[in-house]
Structure formats: C-alpha cells, structure tokens
Amino acid sequence: IEKKVRKICCIGAGYVGGPTCSIIAYKCPEIQVMVTDVSQERINQWNSDKLPIYEPDLDDIVKECRGRNLFFSIDVEQAIKEANLILISVNTPTKTYGMGKGRAADLKYIELAARTIARVSDQSKIVVEKSTVPVKAAESIINILKANVKPGIRHQVLSNPEFLSEGTAIRDLLNPDRVLIGGEQSPDGQEAIAALSDVYGHWVKKEKIITMNTWSSELSKLSANAFLAQRISSINAISAICEATGADVTEVAHAVGTDTRIGSKFLQAGIGFGGSCFVKDVLNLTYLCESLNLPEVAAYWQQIIDMNEYQKRRFADQIVKCMFNTVSNKKIAILGFSFKKNTGDTRESPAIYVCKYLLEEGAKLQIYDPKVNHDQIMWELMKPEISENPERVKELVEICDSPYHAIEGTHALAVCTEWDEFKELDYKTIYNKMLKPPFIFDGRLILDHKMLQEIGFHVETIGKRL
Ligand code: NAD
Ligand code: UGA
C-alpha cells in the first residue's frame, strides 16, 4: 500500500460520489480524482453545464476543478487501475426480490464493484466503502477481493460512511461534524486509515476525524440515521396528540428542544420523512436485527417506519375529511414534490404517498415543484407500487410550471415540501383564483396561518388546531 494518496477513483457518480469527490478535488489540488459511473448519461451530465444533481454551490466547485484534477468518465476499469485509493459510492437500495425483499439492502452493486477491483488491479489499493451498508458488509468485500486478487497484492478495506444531507451537501462536506473511518486493527489497516485521514486532513481538523474498528463504523452510520429518523417519528407521534387535545406541536417541540440534553434540531413535525436513506437504512437495521435473532430490537426500530407511514396517511385523510369527506373529481394543488427543500430528489418523498392516497380517492392533482420536472413526477406516480392504473394517473395529474398555474381553479392547496418560495406567494391572488371555500393544508408548518385565515382561507396544518 502506498502511504500517500495520489489518485482517487470513485465508483458511482451519484449524490454522494459527485459532491464528495468535487470537494476532495477542490481541497486537494495535488490529488487526481476520477469519478466513474456505468451510466453514460450521468457522466455526460457531469461533464456538461447542467449537472445531474442540484446542490447549492456545487456548480461553482465543479467548474473550478473539472479538467484540472477532477474528471468524470465511464471507464471504470481504467480509473481503478490508475488509482491507489478507490471509493465505492454505488447505490445500496432496498431489495425488491428474494430473501429480505422490501427490507434488506441490495448489495449487488457493491459486490460487482469489488469484483471489478479484484479483476483489474495490478497493485495493492485502499478500498473505501462509502456507501451505507449493513454491518459486516466490508467482510464480504474483503472475501471477494482475497479470493480473486492477483498474486502479491493485498488490498486494505476501510469503512468511511458519508453523513452529508441533500440540499446542504457542500456545506456539510466542507464543515462536517465528524469524519468516520473504520479499519482493520493491524499495522496495514492503521496505515490505510492514516492515508485516508491525510486526505480529509487537507480541510478537516484532526479532532474531527474519528477512527475505529470497521464494524463499529458501519454500525455507527446506520445508528445515526436511525436516531435522526426516530426524532422525526417521535415529534410526529406527538403531533397527533396535539391535534386531538389542542396542544401545539411547535410549542411542545420548542419546550422539549430547549433541554440541552435533547437539543432543538430535527424536531420539525411534518408529513413524514422521505429521502433515499432514512426509510432504507431503518429497514436495513431491522432486517439486520432479525438476522441476528434479535426480534425485540427489530420491532423497536420498525416502529419508526410504522409511525412514518401513519403520518403520511394521516395527512391525506385529513384533507379528505376536511373537504366534506370527498375529493372525487375535485382539483387539488400540490406544492412541492421533492422530499425536502433545495433538492430535486424525489426518492421516497412523502409527497408521492400523499398524491397516491388522494388519487385513490379520485382527486385531480395539479402539481408544482421548483426543481422536479414533469417526467420525474409522472415516473414516481406511475410506478406499479404507487398506482395500479398508470393511465388513470395520466388523466388525473397535471404538472404545472408555476405555483399560480397549479392553484388555478382548485378547491384546495396542499404544501408537501418546505420550499422557501411557498412562504412568499401572493395569497390574495391565490384566494381569488381558487374555488370557494378554499382550503390550505400546510403539511410542513411553514405558512403564516393567521394571515391566510384573515384572507379567508380555511387552513389546516399538522400538530395544531387553528
Ligand atoms: P445514487 O443512486 O445517486 O448513485 C449511485 C451511482 O452508482 C449511480 O449513478 C449508479 O449508476 C452507479 N453505479 C452502480 N453500480 C456501479 C458500478 N458497478 N460501477 C459504476 N457505477 C455504478 O446513490 P447515492 O444517493 O449517491 O447513494 C450512494 C450510497 O451512499 C448509498 O449507499 C447511500 O445509502 C449512501 N448515502 C447517501 C446519501 C445521500 O444523501 N444521498 C448520504 C449518505 C450516504
Ligand atoms: C439524511 C441525514 O440527515 C444525513 O446525515 C445522512 O447522511 C443522509 O440522510 C443519508 O444517509 O443519506 P437527507 O435524507 O438528505 O439526510 O435529508 P434530511 O435533512 O435528514 O431529511 C430527511 C427527511 O426528514 C426529509 O423528508 C425531511 O423533510 C424530513 N425531516 C427532517 C422532518 O420531517 N423533520 C425534521 O425535523 C427533519
């Protein structure tokens, strides 16, 4: 193993691989970073002016580094050959088939990456597992590498989970709470850890780089996401009690969060959490517990998912109930479709499920999102697990290019993503364009409810009676 990282190959040019490598290239001018993917389309986009993902400030960083020490290519094998450190940041989605279907993480892309590394490498390399994986996944990578390497080669495998959030990826990468590196507790393992620490050391303080054994590192990532998701499910559970009693969830969250032991972050009630990871990783954790014969522990974590399902359903039910128990053929504007603001990502977005339930009730939806395009929204809503009848979805859904277009002639407006621009809309104009009585359902608690009531809207939100 070379002690200094000279060339990095990243396998997987997605939400993690792209931004992470851009920051490494930006902060480490002497390291050459090659980001690779099997998708020609994704690579073309990374090499164009319109990057495949939207993240504030990402464009500027890519522009500065691309062609200097940051490159994007589909030649995965060549990049592996040349690099002395390889980041695996491929997707690890929930399995949709076979054993563990709907729960376990699908590790086929990780395995394929490991096999490619073993096959094409002529030198020992540091192989870094950046994707989120079940505990002991590194063991499989190690076994595949060992069973397939050329004579004399000894790769080292590290776990280096990523903690960035979408929409703030650049900020999180530049100033992480911590960088976690897990590795083998042997001299070779420690050397590999030191080499990767050196890369982060270009911009992250030493105290923030935590090193530990590989399994702790893998489990820490799943645990961190499960704890975050748990806070959201906890406050959403409280929001249901608030609605039933007249307590106000914002006030309760404030009071609870001022206890420094609890802290105020991640206590925002809403229509449930989405995103590519919380659901997937908590399911992954429950499956792991089951495989380890820990059914009580599995049930404990499973409840976070169950509460999240309940919250998405509850919001849609509230809309139907409030609109005189029927939304059939009524037009409803959906504002926001991404899973959170400042991203165009729709994976597991709670908005999808709210739309699904409303479509099942026969509602006509006029959907607007500032960053998600027409095709992406239709693709999500026409998936077999969302709709049994895609033709019906086409009839009932219209994608709009502005919020004002979306509310035209509607009975109700539902906020599903907390985009800032929804706070600034001209609600007097909106009032005039909607059918009467006009309903607003604020699923993210972002609007000025008093002002809306004064205009004449019937307003409903999560976790408080208005
Ligand atoms: P993504 O789907 O956006 O990107 C993964 C990319 O890997 C895809 O473009 C895919 O084409 C490519 N790929 C798959 N197999 C390949 C192969 N054999 N060779 C080359 N390319 C291959 O996924 P993502 O959101 O970047 O997530 C990647 C991993 O990071 C996941 O395990 C996820 O749980 C974890 N993670 C994601 C986030 C996030 O915010 N999205 C944050 C932390 C951790
Ligand atoms: C999350 C974690 O925050 C990251 O640390 C982690 O790296 C990442 O998952 C991952 O492993 O993929 P992300 O999913 O991008 O990041 O976004 P979050 O800000 O965590 O939001 C997730 C969901 O929870 C969103 O739907 C958001 O609206 C919702 N949320 C968040 C709430 O409903 N309430 C809150 O208080 C916070």
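Up top is the structure these notes are about.
Calculation notes
- Residues numbered from 1 in each chain as written.
- Chains lettered and ligands numbered in written order.
- Predicted model: local features only at pLDDT ≥ 70, side-chain atom pairs only at ≥ 80, totals over all residues.
- Heavy atoms only, no water.
- Helix = DSSP H or I, 4+ residues; strand = E, 2+ residues; numbered from the N terminus.
- Rg over C-alpha atoms; globule rule 2.2 N^0.38 Å.
- Buried < 20%, exposed > 50% of the residue type's maximum accessible area, 1.4 Å probe, protein only.
- Areas by Shrake-Rupley, 256 points an atom, 1.4 Å probe, with all protein chains shown as cover.
- Lys, Arg positive; Asp, Glu negative; His and termini not counted.
- Charge placed at Lys NZ, Arg CZ, Asp CG, Glu CD.
- Near = heavy atom within 4 Å.
- Polar contact = N/O pair within 3.5 Å; in protein donor to acceptor, adjacent residues only side chain to side chain.
- Nonpolar A, V, L, I, M, F, W, Y, C, P; charged D, E, K, R; others polar.
- Salt bridge = Lys/Arg side-chain N within 4 Å of Asp/Glu carboxyl O.
- 1 Å grid on protein atoms, 1.4 Å probe; cavity = no way out; pocket = protein on both sides within 12 Å on 5 of 7 lines; lining within 4 Å.
- Points joined across faces, edges and corners; volume = space filled by probe spheres on them.
- Pairing = 2+ DSSP bridges.
- Axes fitted to C-alpha atoms, helices over the stretch in contact; angles between N-to-C directions.
- Disulfide = S-S within 2.5 Å.
- Core = buried A, V, L, I, M, F, W, Y, C linked by side-chain atoms within 4.5 Å.
- Patch = residues over 30% accessible without salt bridge, like charges linked within 9 Å, V, L, I, M, F, W, Y side chains within 5 Å.

Draft legend 1. Up close: the overall build of the chain. Looking only at helices and strands, one finds 18 helices and 14 strands in the chain. In terms of C-alpha radius of gyration, the chain reaches 24 Å, essentially the compact-globule figure of 23 Å for 466 residues. The C-alpha extent of the chain, read off along each of the three principal axes, is 75 × 50 × 45 Å. The proportion of buried residues among the 466 residues of the chain is 54%. As displayed, the chain offers around 20,900 Å² of accessible surface, 52% of which is attributable to carbon and sulfur atoms. The chain carries 56 positive and 61 negative side-chain charges, and their two centres are separated by 2 Å.

Draft legend 2. Fine view of the site of ligand 2. Around ligand 2, the surrounding shell holds 19 residues, and the nearest of these are Leu 164, Glu 166, Lys 221, Cys 277 and Arg 444. With respect to ligand 2, the backbone of Leu 267 contributes an N or O atom lying 3.4 Å from an oxygen atom. The contact in question runs from an oxygen atom of ligand 2 to an N or O atom on the backbone of Phe 339, over 2.8 Å. Coverage of ligand 2 by the protein chains reaches 90% of its 700 Å² of free accessible surface. Tallying contributions element by element places helix α9 (residues 214-245) first for the shell around ligand 2, with 4 residues. Counted by class, the shell around ligand 2 contains 10 nonpolar, 4 polar and 5 charged residues.

Draft legend 3. Here's a closer look at the pattern of salt bridges. Following the criterion strictly, the structure yields 30 salt bridges and no others. Of the charged contacts in the structure, one is a salt bridge between Lys 4 and Asp 198, with a shortest N-O distance of 3.5 Å. Of the two residues, Lys 4 sits in the segment before β1 (7-11) while Asp 198 sits in helix α8 (residues 187-200), which places them 194 residues apart along the sequence. Owing to a relative accessible area of 56%, Lys 4 belongs among the exposed residues under this scheme. Looking at Asp 198, the relative accessible area reads 40%, which means it is partly exposed. Between Glu 111 and Arg 115 there is a salt bridge, and its shortest N-O distance comes to 2.9 Å. Linking Glu 111 with Arg 115, this pair stays in helix α5 (residues 108-120), spanning 4 residues, or about one helical turn. For Glu 111, a relative accessible area of 35% corresponds to the partly exposed category. Each member of the salt-bridge network shares a partner with another, and the members are Glu 166, Asp 345 and Arg 347.

Draft legend 4. Broad picture of empty space enclosed by the protein. Across all of its chains, the model carries 4 cavities of 30 Å³ or more by this definition. The calculated volume of the largest cavity comes to roughly 60 Å³.

Draft legend 5. The arrangement of the pairing of strand β7 (residues 179-183) in detail. Counting buried positions along β7 yields 5 of 5 residues, so the element is predominantly enclosed. By the alternation rule, side chains of β7 split into Val 179, Ile 181 and Gly 183 and Leu 180 and Gly 182, which are all buried. In this structure, β7 lies alongside strand β8 (residues 209-213), joined through 5 bridges in parallel fashion. By the bridge assignment, Leu 180 is partnered in β8 with Ile 210.

Draft legend 6. Fine view of the sheet that holds strand β12 (residues 412-415). In space, the 6 strands of this open sheet follow the order β11-β10-β9-β12-β13-β14, with parallel pairing throughout. For this open sheet the edge positions go to β11 (397-399) and β14 (458-461), each flanked by a neighbour on one side alone. The average undirected angle you get between the axes of adjacent strands in this sheet is 20 degrees. For strand β9 (residues 331-335) and strand β10 (residues 364-368), the ladder comprises 5 bridges, and the chain directions are parallel.

Draft legend 7. Local environment of the state of the cysteines. Counted according to the given criterion, the structure contains 0 disulfides. Free of any disulfide, Cys 9 has its nearest neighbouring cysteine sulfur in Cys 10, separated by 7.0 Å. By relative accessible area, Cys 9 is classed as buried at 0%.

Draft legend 8. Broad picture of the nonpolar core. Judged by nonpolar contacts, the single largest core of 44 residues is most densely connected at Ile 332, Leu 365, Ile 367 and Leu 381. Of the residues forming this core, the biggest block, 8 residues, is contributed by helix α13 (residues 350-360). Ile 24, Ile 31, Ile 193 and Val 199 belong to the second largest nonpolar core, which has 43 residues in total.

Draft legend 9. Structural detail: a negative patch on the surface. Together, Asp 49, Asp 57, Asp 59 and Asp 60 give the surface a local cluster of negative charge. By the secondary structure assignment, Asp 49 is in the loop between α2 (40-46) and α3 (58-65).

Draft legend 10. The arrangement of unusual backbone geometry in detail. Residue Pro 437 is bonded to the preceding Lys 436 through a cis peptide linkage, with omega at -5 degrees. Here Pro 437 is to be found in the loop between α17 (427-433) and β13 (439-442). A positive phi angle, close to 85 degrees, is found at Lys 136, a residue other than glycine. Within the secondary structure, Lys 136 is located in the loop between β5 (126-129) and α6 (137-148). Judged by relative accessible area, Lys 136 falls into the partly exposed class, the value being 37%. Phi at Asn 329 takes a positive value of approximately 65 degrees, unusual for a residue other than glycine. Secondary-structure assignment places Asn 329 in the loop between α12 (295-322) and β9. With relative accessibility at 53%, the residue Asn 329 sits in the exposed group.

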